[in-house]
Amino acid sequence: MFFATLSKASLAILVASLILVLTNKAEAHSYADCIDWRFKDPKNLSWSDKNGACFGYARRFPIKAKPFAKLDSDDPNRHYQQSHKNPDPKHSLACSDGKQGEEPGADETMAKPISAAYNGKDKRGRKTGPQTVSKPGGQLCIRWPAKNHAVKDEKNQPVTIALSEVNPSKDPTQLQFLDNIVANLNYKNCSDKGSNTDIWPCGGCFKLPTNLKPGNFVMQWRWKLNSNEWYTSCADIDVRK
């Protein structure tokens with residue numbers, strides 16, 4: 001009855017508004033895409049594709065599927081929000097399996113062999129990026145999209161970076177990751193800020209511990225948006241002497 005009383009113009013405006021609301025909701029959550037970002041100019045620390053390049057990605061990350069920052073509306077969406085069902089979020093699944101979670105993301109579980117999650121194809125046949133290779137004490141710079149949460153009126157929640165033990169046979173639990181946080185990064189460290197706050201490129205750099213043994217390590221990128229609302233991305237780092 002309500003829609004029958006609306007003019008065509010009013011109905012079009014209402015539909016457009018609903019689409020905008022739903023789109024903004026879908027594009028509200030972040031994830032890591034690049035684990036080994038390298039700046040073209042060390043004096044211009046820009047996270048934009050035109051000013052740098054990625055040499056190592058998150059697990060099964062489709063490198064040319066969509067423009068930067070748009071994979072949160074992919075199928076499946078890239079961002080993974082840990083489950084709210086357990087009253088303690090520290091016990092949630094650490095790396096998305098594509099099934100569990102408040103918002104299940106793409107499959108980021110460990111591959112066997114580990115290299116199978118890189119330089120191959122995802123389930124949709126899209127080319128995936130290379131695995132990160134580094135050394136003990138090596139610097140890694142990680143990139144993520146702002147998704148509208150780096151503006152002044154948003155609380156700045158830090159990104160935590162955690163590592164597994166060397167050569168784990170399976171992904172660590174969230175509690176195990178929390179026992180080995182190696183860095184806290186500024187979520188709002190963004191560059192190339194245009195009018196669209198959704199697609200600002202952001203990132204942070206840190207150094208791996210100097211005492212790491214050669215082998216593979218699972219890395220978790222984790223960010224808190226609201227109370228009990230955590231987002232994670234996982235990747236494997238091949239540490240070599």
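The sections below set out a description of the structure shown in this document. This one's a predicted model, so the numbers in the text were calculated from it and none came from an experiment.

Helix and strand content of the protein chain: two helices and nine strands. In the protein chain, the succession of α and β elements from N to C terminus is α-β-β-β-β-β-α-β-β-β-β. Going through the 241 residues of the protein chain one by one, you find that 49% of them count as buried. If you take every contact in the protein chain between residues at least 6 apart in sequence, the share linking residues at least 24 apart comes to 68%. With an accessible surface of roughly 12,600 Å², the protein chain has 54% of that area assigned to carbon and sulfur atoms.

Right, let's talk about the state of the cysteines for a bit. Evaluated as defined, the whole model comprises four disulfides. Residue pairing for Cys95: its cysteine sulfur links by disulfide to Cys234, the two sulfurs lying 2.1 Å apart. In this structure, the disulfide formed by Cys95 and Cys234 twists by about -85° around the S-S bond and is classed as left-handed. Placement of Cys95 in the loop between β2 (52–54) and β3 (132–134) and of Cys234 in strand β9 (residues 229–239) is noted, with a sequence separation of 139 residues between them. A relative accessible area of 3% means that Cys95 is categorised as buried.

By the definition in use, this model includes 13 salt bridges. Between Asp236 and Arg59 there is a salt bridge, with its nearest N and O atoms 2.8 Å apart. Taken together, the residues Asp236 in strand β9 and Arg59 in the loop between β2 and β3 connect sequence positions 177 residues apart. The two residues Asp236 and Arg59 agree in class, both being buried. Connected via shared salt-bridge partners are Lys70, Asp72, Lys147 and Asp198.

Analysis parameters
- Residues numbered from 1 in each chain as written.
- Predicted model: local features only at pLDDT ≥ 70, side-chain atom pairs only at ≥ 80, totals over all residues.
- Heavy atoms only, no water.
- Helix = DSSP H or I, 4+ residues; strand = E, 2+ residues; numbered from the N terminus.
- Buried < 20%, exposed > 50% of the residue type's maximum accessible area, 1.4 Å probe, protein only.
- Contact = heavy atoms within 4.5 Å.
- Areas by Shrake-Rupley, 256 points an atom, 1.4 Å probe, with all protein chains shown as cover.
- Disulfide = S-S within 2.5 Å.
- Salt bridge = Lys/Arg side-chain N within 4 Å of Asp/Glu carboxyl O.

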